[in-house]
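Okay, here's what each chain looks like letter by letter:
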Amino acid sequence: MTTPSAATPSTASGQAHGPAAPAQSGAPGGRRGSLGPVGLVLAGGISVQFGGALAVTLMPRAGALGVVTLRLLVAAVVLMVLCRPRLRGHSRADWGTVIVFGLAMAAMNGLFYQSVARIPLGPAVTLEVLGPLALSVLASRRAVNLVWAALALAGVFLLGGGGFSGLDPLGVAFALAAGAMWAAYIVFSARTGRRFPQADGLALAMAVAAVLFLPLGVLESGTKLLDPTTFALGAAVAVLSSVLPYTLELLALRRLPASTFAILMSLEPALAATAGFLVLDQALAATEAAAIALVIAASMGAVRTQVGRGRARKATGGS
């Protein structure tokens, strides 16, 4: 598992593709390097939630499994064409990491889309984010991160109205399972980013996920997947929900500890609520707005902790 110790000299020196390089620049550049991964995560979150809202509107045409299939298939083709990853010269451990990453990606998407087919987008993401929050607690080695995780968790439950008893139990179960796969995605995205240059590992993992999910999509939707309008909308979902966010997150995880990244993922319910309001006409209640404020406060605290830790290391001559 990737932990905050990923920034230690022994690990950083093993990152052959240079993710640690920005941290060794001068003070102004170092500051931008510290905040850069955070910006990547936020941009990815915005993209994936608006892609998710678009996917909800597409489900009546192609079904939940069909939408996931289009999303993964188009994303895999785009990434494979753009990255042109090498298929030779990788160890068994490299391929094992990519395959598990692909499995986690396929499961995370499939479970989440089954959830939003049964419960609203906001509560679904709120439940799903419990997986990354749990990872932040398990992976963290600093007590202050437990405080930020607790604050984010309070916001998550407040966003759910203090409970989820009025939701479809199966939809809730799918969302929680998707959260567990999201935590696995974070871990193996970080490992893949360290083993492969650029987004090569992501492209290979996306291809694995697409191949695994294709039979399920064909079984549920059949020829509906070939409808030009459906395919075009599915391609848009793929770009917004897979190509952009996964690439940005993979790059961010090369320079951001998994615990901090996981707490930043607590912003997802707020982003989902915003996307739901703008795309699906789902209005925000006062308690939901308060929950968003708590989640943002927790994320800002996590960012400040990470940036402050990097500055302290530079001041003491650490890396």
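Residues numbered from 1 in each chain as written. Predicted model: local features only at pLDDT ≥ 70, side-chain atom pairs only at ≥ 80, totals over all residues. Heavy atoms only, no water.

**As for the overall build of the protein chain**
For step 1, the next point in the chain: A tally of helices and strands in the protein chain yields 13 helices and 0 strands.
For step 2, the next point in the chain: What you see in the protein chain, going N to C, is helices and strands ordered as α-α-α-α-α-α-α-α-α-α-α-α-α.
For step 3, the next point in the chain: When burial is assessed residue by residue, the protein chain has 49% of its 319 residues classed as buried.
For step 4, the next point in the chain: Looking at the protein chain alone, contacts between residues at least 24 apart form 88% of all its contacts between residues at least 6 apart. (Helix = DSSP H or I, 4+ residues; strand = E, 2+ residues; numbered from the N terminus. Buried < 20%, exposed > 50% of the residue type's maximum accessible area, 1.4 Å probe, protein only. Contact = heavy atoms within 4.5 Å.)

**What to know about the nonpolar core**
For step 1, the next point in the chain: Phe101, Met105, Phe112, Tyr113, Leu202 and Met206 are the most contacted members of the largest nonpolar core, which totals 70 residues.
For step 2, the next point in the chain: Contact partners of Leu202, with chain neighbours within four places excluded, come to Leu79, Phe101, Met105, Thr192, Tyr246, Thr247 and Leu250. (Core = buried A, V, L, I, M, F, W, Y, C linked by side-chain atoms within 4.5 Å.)

**A few points about the packing of helix H4 (residues 92-116) against helix H8 (residues 169-195)**
For step 1, the next point in the chain: Between H4 and H8, whose axes approach to 7 Å, the crossing angle comes to 155°. When the axis of H4 is compared with that of H8, the two are roughly antiparallel. The way H4 lies across H8 gives a crossing that is left-handed.
For step 2, the next point in the chain: Residues belonging to the contact of H4 with H8 are distributed by class as follows: 18 nonpolar, 6 polar and 3 charged. (Axes fitted to C-alpha atoms, helices over the stretch in contact; angles between N-to-C directions. Parallel < 35°, antiparallel > 145°, perpendicular 65-115°, else oblique. Left-handed = near helix turned anticlockwise from the far one by under 90°. Nonpolar A, V, L, I, M, F, W, Y, C, P; charged D, E, K, R; others polar.)

**Details of the packing of aromatic side chains**
For step 1, the next point in the chain: In this structure the tally under the stated criterion is 2 aromatic pairs.
For step 2, the next point in the chain: Over the face of the ring belonging to Phe188 we find Arg191, whose NZ or CZ atom lies 5.0 Å from the ring centre. (Phe/Tyr/Trp six-rings, centres within 6.5 Å; stacked < 30°, edge-to-face > 60°. Lys NZ or Arg CZ within 6 Å of the ring centre and 35° of its normal.)

**Points about a nonpolar patch on the surface**
For step 1, the next point in the chain: Residues Leu73, Val77, Val81, Leu214 and Val218 make up a contiguous nonpolar surface patch of about 390 Å² in total accessible area.
For step 2, the next point in the chain: Contributions of two or more residues to the nonpolar patch are made by helix H3 (64-83) and helix H9 (200-221).
For step 3, the next point in the chain: Looking at which element gives the most residues to the nonpolar patch, the answer is H3, with 3 residues.
For step 4, the next point in the chain: Structurally, Val218 is set in helix H9. (Patch = residues over 30% accessible without salt bridge, like charges linked within 9 Å, V, L, I, M, F, W, Y side chains within 5 Å. Areas by Shrake-Rupley, 256 points an atom, 1.4 Å probe, with all protein chains shown as cover. Salt bridge = Lys/Arg side-chain N within 4 Å of Asp/Glu carboxyl O.)

**Section: the environment of Val172**
For step 1, the next point in the chain: With respect to the helices, strands and loops of the structure, Val172 is situated in helix H8.
For step 2, the next point in the chain: Along the backbone, Val172 and Ile119 are 53 residues apart, and their C-alpha atoms lie at a distance of 7.6 Å.

**Looking at H8**
For step 1, the next point in the chain: With 27 residues, H8 extends 39 Å between its outermost C-alpha atoms, agreeing within 8% with the 39 Å of an ideal straight helix rising 1.5 Å per residue.
For step 2, the next point in the chain: Of the residues flanking the start of H8, the one acting as N-cap is Asp168, its side-chain oxygen 2.7 Å from the backbone nitrogen of Leu170. (Expected span 1.5 Å × (residues − 1). Polar contact = N/O pair within 3.5 Å; in protein donor to acceptor, adjacent residues only side chain to side chain.)

**Some points on the environment of Ala190**
For step 1, the next point in the chain: Positionally, Ala190 belongs in helix H8.
For step 2, the next point in the chain: C-alpha separation for the pair Ala190 and Arg255, spaced 65 residues apart in sequence, amounts to 9.4 Å.

**Re empty space enclosed by the protein**
For step 1, the next point in the chain: Counted under the stated rule, the structure contains 2 cavities of 30 Å³ or more.
For step 2, the next point in the chain: Put simply, the largest cavity is a space of about 210 Å³.
For step 3, the next point in the chain: Mapped onto the lining of the largest cavity, the elements with two or more residues apiece are helix H2 (27-62), H4, helix H5 (121-128), H8 and helix H10 (228-253).
For step 4, the next point in the chain: Across the lining of the largest cavity, the residue classes break down as 9 nonpolar, 4 polar and 4 charged. (1 Å grid on protein atoms, 1.4 Å probe; cavity = no way out; pocket = protein on both sides within 12 Å on 5 of 7 lines; lining within 4 Å. Points joined across faces, edges and corners; volume = space filled by probe spheres on them.)

**Looking at the confidence of the model for the protein chain**
For step 1, the next point in the chain: Averaged over every residue, the pLDDT of the protein chain is 76; residues scoring 70 or more account for 77%.
For step 2, the next point in the chain: No element of the protein chain has a lower mean pLDDT than helix H1 (residues 9-12), at 26, and none a higher one than H4, at 92.
For step 3, the next point in the chain: With pLDDT under 50 throughout, residues 1-35 is counted as low confidence; its partners more than four residues away or in other chains account for 51 contacts. (pLDDT = per-residue confidence, 0-100.)

**Some remarks on the side chain of Ser115**
For step 1, the next point in the chain: With respect to the helices, strands and loops of the structure, Ser115 is situated in helix H4.
For step 2, the next point in the chain: With sequence-adjacent residues up to four places away left out, Ser115 is seen in contact with Ala124, Gly171, Phe174 and Ala175.

**Observations regarding unusual backbone geometry**
For step 1, the next point in the chain: One non-glycine residue, Arg84, adopts positive backbone phi at about 45°.
For step 2, the next point in the chain: Within the fold, Arg84 resides in the loop between H3 and H4.
For step 3, the next point in the chain: Overall, Arg84 belongs to the exposed group, its relative accessible area being 69%.

**Focus on H9**
For step 1, the next point in the chain: In this model, H9 (22 residues) spans 30 Å end to end at C-alpha, consistent with the 32 Å of a helix rising 1.5 Å per residue.
For step 2, the next point in the chain: If you look at H9, its biggest bend is around 40°, right at Phe213, and the proline Pro215 turns up within four residues after that.
For step 3, the next point in the chain: Among all positions of H9, only Asp200, Gly201, Leu202, Ala203, Leu204, Ala205, Met206, Ala209, Ala210, Phe213, Gly217 and Ser221 are buried.
For step 4, the next point in the chain: With its phi angle positive at about 60°, Gly222 sits one or two positions after the end of H9. (Bend = angle between axes of the 7 residues up to and from the residue.)

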